[in-house]
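Tertiary structure, described
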Amino acid sequence: MFMLSSGEVTFSRGKEIQRVRFQPGTEKNKSATMSQLDGVIKPKTKRSKRFLAGRAPLLKERMKKAMIMKGGNTSQTVTDALKDIYSLKKPNAVLFKKKNITRPFEDSTSLEFFSKKNDASLFLFGSHNKKRPNNLILGRLFDFHVLDMIELGIEKYVSLSGFKNSKCPEATKPMLVFAGDAFDTDNEHKRLKSLLLDFFRGPTVPSVRLAGLEHVLHFTALEGKIYMRSYRTLLKKSGCRTPRIELEEIGPSFDFAMRRTHFASDDLYKVSHKQPKNLKPKKKKNISKDVFGTKFGRLHMQKQDLNKLQTRKMKGLKKRKGPKGEVVAEKEGQSTEVIDEQC
């Protein structure tokens, strides 16, 4: 499509060329032409309307979906590792079976295209070459653009099939444990912790039962290495109401070495964490919480007159009238006579 100086717009559709003449001052022709120039296509069928409505932004977003793909050259270790991580992430993951010849750190357009096509905001890319053997790239996207990427090298790996024991059911929400001071002090490890939380956190649930806490993912940062272990909790008899808990390793097991990183700027990272105003909790007056989550309320009352305060009534303090205006008060078994002053 191109515009001529004589006020004509030419649309080319294959071999057919159409010319449309319009008057620049006419609002009807102007709006029609601008809609074509801006590339805004409105849905014409109910199916396309439903598709666009499903991709529209929501106040409470759905569970994040992950794309798991392999590059043009991979090893058997990388292929098995991608399959095992896919089994941990199911059903909120898409496993790409074909190879994708791309380099995320150099050109991320293909990742952004697949992200928009599959409506996924997380990705795991596996590759293998002489310079970076057994390589995994873990990343996330914001508004279908790459936000963070961390490259991890697999130094030691034991697959799920390497552990001959029972596994956790599919789609079990794991408990995530992070050990090591680096996750709290180093900026790269802080971003890695946030990325791992996004990737493995599972669905948000209102309540959890004790029997459902059966899968543990443990990450340890030690001497520049990242150790990932997967455990299954066993509830044993302890002779009391609280069961004794034991951990059984079920795999997969990884020893990672951090390689290249690509982080978003602080301003973009702050924008990605922004929440709509409707989701922000409204501040309630005179209500506060302590560090343990206990709720405290403050009541404002008028100044109280203690002379008019209603006290507890006792039989021993009760006044009774005697003969000729006398008032007799009995207290603790002893009787006393008080003569009225008017007599």
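All figures in this text were calculated on a predicted structure; none of them were measured in a lab.

1. Here we look at the environment of His 145
Tracing the sequence through the fold places His 145 in strand E8 (residues 145–158). Judged by relative accessible area, which is 46%, His 145 ranks as partly exposed. Taking the C-alpha atoms as reference points, His 145 and Thr 109, 36 residues apart in sequence, are found 8.5 Å from one another. In contact with His 145, not counting residues within four places along its chain, are Glu 112 and Arg 140.

2. Regarding a positive patch on the surface
A cluster of basic residues, Lys 46, Arg 47, Lys 49 and Arg 50, forms a positive patch at the surface. For Lys 46, the position within the fold is in helix H2 (residues 46–55). A relative accessible area of 67% means that Lys 46 is categorised as exposed.

3. Points about the nonpolar core
Counting 30 residues, the largest nonpolar core has Leu 124, Leu 136, Phe 199, Phe 200, Phe 219, Phe 254 and Phe 256 as the members making the most contacts within it. Ranked by the residues each element gives to this core, the list is headed by helix H6 (residues 187–200), at five residues. With residues up to four places along the chain from it excluded, the contact list for Phe 256 reads Leu 136, Leu 152, Gly 153, Ile 154, Lys 225, Ile 226 and Met 228. Counting eleven residues, the second largest nonpolar core, distinct from the first, contains Met 69, Phe 123, Val 146 and Met 149.

4. Here we look at the packing of helix H3 (residues 76–89) against H6
The N-to-C vectors of H3 and H6 enclose an angle of 65 degrees; their axes lie 10 Å apart at closest approach. Judged by the inter-axis angle, H3 sits roughly perpendicular to H6. Residues Ile 85, Leu 88 and Lys 89 of H3 lie in contact with H6, whose contacting residues are Asp 198, Phe 199 and Phe 200. Class assignment for the residues of the contact of H3 with H6 results in four nonpolar, no polar and two charged.

5. A closer look at unusual backbone geometry
Outside of glycine, negative phi angles account for most residues, and trans bonds account for most peptide bonds. Lys 90 connects to Pro 91 through a cis peptide bond whose omega is 0 degrees. Position of Pro 91 relative to the elements: it lies in the loop between H3 and strand E5 (93–99). Gly 251 connects to Pro 252 through a cis peptide bond whose omega is 0 degrees. Mapped onto the fold, Pro 252 is located in the loop between strand E12 (244–249) and strand E13 (253–262). Of note in the backbone geometry, Asp 143 takes a positive phi value of approximately 55 degrees without being a glycine. By the element assignment, Asp 143 lies in the loop between strand E7 (135–142) and E8.

Definitions and cut-offs
Residues numbered from 1 in each chain as written. Predicted model: local features only at pLDDT ≥ 70, side-chain atom pairs only at ≥ 80, totals over all residues. Heavy atoms only, no water. Helix = DSSP H or I, 4+ residues; strand = E, 2+ residues; numbered from the N terminus. Buried < 20%, exposed > 50% of the residue type's maximum accessible area, 1.4 Å probe, protein only. Contact = heavy atoms within 4.5 Å. Patch = residues over 30% accessible without salt bridge, like charges linked within 9 Å, V, L, I, M, F, W, Y side chains within 5 Å. Areas by Shrake-Rupley, 256 points an atom, 1.4 Å probe, with all protein chains shown as cover. Salt bridge = Lys/Arg side-chain N within 4 Å of Asp/Glu carboxyl O. Lys, Arg positive; Asp, Glu negative; His and termini not counted. Charge placed at Lys NZ, Arg CZ, Asp CG, Glu CD. Core = buried A, V, L, I, M, F, W, Y, C linked by side-chain atoms within 4.5 Å. Axes fitted to C-alpha atoms, helices over the stretch in contact; angles between N-to-C directions. Parallel < 35°, antiparallel > 145°, perpendicular 65-115°, else oblique. Nonpolar A, V, L, I, M, F, W, Y, C, P; charged D, E, K, R; others polar.

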